[in-house]
Amino acid sequence: MHTNPIQLFDAVSSTFTYILAAPGSDAAVIIDPVDQHVERDLAHLKRLGLRLDYILETHAHADHVTSAGQLRALTGARAAVPSGCGIPPAEVQLQDGDVIRFGADETIAVIHTPGHTAGSMCYVWRGNVFTGDTLLIDGCGRTDFQGGSAAALYDSITRNLFALPDATRVWPGHDYKGQSVSTIGWEKAHNARVAGRSRDEFVTLMNGLNLPQPKLIDIAVPANRNLGLPHSV
């Protein structure tokens, strides 16, 4: 069964934020919020009469600053983060296989998918998977910083994400081509980085990208390890 998430976009960092609403309840979860859009996100929650229960991060982002700390203070929601990302202020340190419960009986399955960063996680809810920078539409995240590993990313994608049903909808953390949603089946057959490549071929491809460092990495990563708040807070 599919239930549509609310998908919100930040054009500056090409970042998607998602709001998940529990049917028949006012409970909601937000995934990967961006600090410049606190008022926008709160307005969506208010318009829909939703109460924010959890703020989820897929990893400690290197290209934008999260608003998790601000939203937590404003709404009373709990911050839940991958345990391997070094984000100690969060109330919930997630492990592979954990289940996040909200609303009457809504569940979000937690999958550890290292590769883009050592701690990266993806979240599965009602036939949807929220993949952060692990799996993008027709691509994947880079693997050259924050404990990244091309071999680990290949395994995370092919063994964990591609094991999901083909009809599972893929909602990425970023998009640079004007695309907003895909499916596991499409990515298995067509993803330009992964489909048809062996593990060794993928590692060679990723290790040869030679991408420039994200412009905000020295600001964003330390900030995100404190939920986007100043370190004096």
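Residues numbered from 1 in each chain as written. Predicted model: local features only at pLDDT ≥ 70, side-chain atom pairs only at ≥ 80, totals over all residues. Heavy atoms only, no water.

An unreviewed UniProt entry annotates the protein chain as MBL fold metallo-hydrolase of Telluria mixta.

*Asks:* I would appreciate a short explanation of the overall build of the protein chain in the present structure.
*Replies:* Per the secondary structure count, the protein chain includes six helices and 14 strands. Its C-alpha atoms give the protein chain a radius of gyration of 17 Å, within 12% of the compact-globule value 17 Å for 233 residues. In the protein chain, buried positions account for 53% of the 233 residues. When contacts within the protein chain are restricted to residue pairs at least 6 apart in sequence, long-range pairs at least 24 apart make up 64% of them. Element-wise, carbon and sulfur atoms account for 53% of the exposed surface of the protein chain, whose accessible area totals about 10,000 Å². (Helix = DSSP H or I, 4+ residues; strand = E, 2+ residues; numbered from the N terminus. Rg over C-alpha atoms; globule rule 2.2 N^0.38 Å. Buried < 20%, exposed > 50% of the residue type's maximum accessible area, 1.4 Å probe, protein only. Contact = heavy atoms within 4.5 Å. Areas by Shrake-Rupley, 256 points an atom, 1.4 Å probe, with all protein chains shown as cover.)

*Asks:* What am I meant to see in helix H2 (residues 68-75) here?
*Replies:* Each α-helix turn comprises 3.6 residues. Residues three or four places apart therefore point the same way. Of all the positions in H2, only Ala68, Gly69, Leu71 and Arg72 are classed as buried. Here the buried residues of H2 occupy an arc of 165 degrees about the axis, which is enough to place them on one side. Facing away from the buried surface of H2 by more than 90 degrees, the exposed residues are Ala73 and Leu74. Buried residues along H2 sit in contact with strand S3 (27-31), helix H1 (38-47), strand S4 (51-56) and strand S5 (78-82). Looking at the residues trailing H2, positive phi occurs at Gly76, about 80 degrees. (Arc of directions from axis to C-beta.)

*Asks:* Help me understand the pairing of strand S8 (residues 106-112), please; the structure alone is not making it clear to me.
*Replies:* Relative to S8, strand S7 (residues 99-102) runs antiparallel, the two sharing four bridges. If you follow Val99 over to S8, its bridge partner there is Ala109. The turn joining S7 and S8, which pair antiparallel and follow one another in sequence, is formed by three residues; a positive phi near 65 degrees is taken by Gly103. By the bridge criterion, four bridges tie S8 to strand S9 (residues 121-125) in an arrangement that is antiparallel. Paired with Ala109 across the strands is Val124, a residue of S9. (Pairing = 2+ DSSP bridges.)

*Asks:* Help me out: how do you make sense of helix H3 (residues 150-161) in this one?
*Replies:* Look at H3: 15 Å from first C-alpha to last across 12 residues, which is about the 16 Å you get at 1.5 Å a residue. For H3, the set of buried residues is Ala150, Leu153, Tyr154, Asp155, Ser156, Ile157 and Leu161. Residues of H3 that are buried make contact with S9, strand S10 (128-132), strand S11 (135-136), strand S12 (139-140), helix H4 (184-190) and helix H5 (199-207). (Expected span 1.5 Å × (residues − 1).)

*Asks:* Explain the pairing of strand S1 (residues 6-10) to me, please; I cannot follow it from the model alone.
*Replies:* Consecutive residues of a regular strand have side chains that alternate between opposite faces of the sheet. Alignment of S1 against strand S2 (residues 15-21), held across five bridges, turns out to be antiparallel. Across the sheet, Leu8 pairs through a bridge with Thr17, a residue of S2. Counting the residues that bridge the hairpin from S1 to S2 gives four residues, and of these Ser14 lies at a positive phi of roughly 55 degrees.

*Asks:* For this particular structure, what's the right way to read the pattern of salt bridges?
*Replies:* Pairing between side chains of opposite charge can happen when their charged atoms approach one another. Scanning all chains against the criterion turns up 10 salt bridges. Residue Asp26 pairs with Arg51 through a salt bridge whose shortest N-O separation is 2.5 Å. On the criterion of sequence distance, the pair formed by Asp26 in the loop between S2 and S3 and Arg51 in strand S4 is long-range, its members being 25 residues apart. Of the charged contacts, one joins Asp166 and Lys188 as a salt bridge, the two residues approaching to 2.9 Å between their closest N and O atoms. Residue Asp166 is found in the loop between H3 and strand S13 (169-172), and its partner Lys188 is found in helix H4; the two are separated by 22 residues along the sequence. Residue classification places Asp166 among the partly exposed residues on the basis of a relative accessible area of 43%. Via salt bridges that share partners, Asp26, Arg51 and Asp53 belong to a single interconnected network. (Salt bridge = Lys/Arg side-chain N within 4 Å of Asp/Glu carboxyl O.)

*Asks:* How should I be thinking about the sheet that holds S13 in this particular structure?
*Replies:* Across a sheet, paired strands are connected by hydrogen bonds in the backbone, their directions being either parallel or antiparallel. Across the sheet, six strands lie side by side as S7-S8-S9-S10-S13-S14; this open sheet has mixed pairing. Because the sheet does not close on itself, it has two edges, and the strands there are S7 and strand S14 (182-183).

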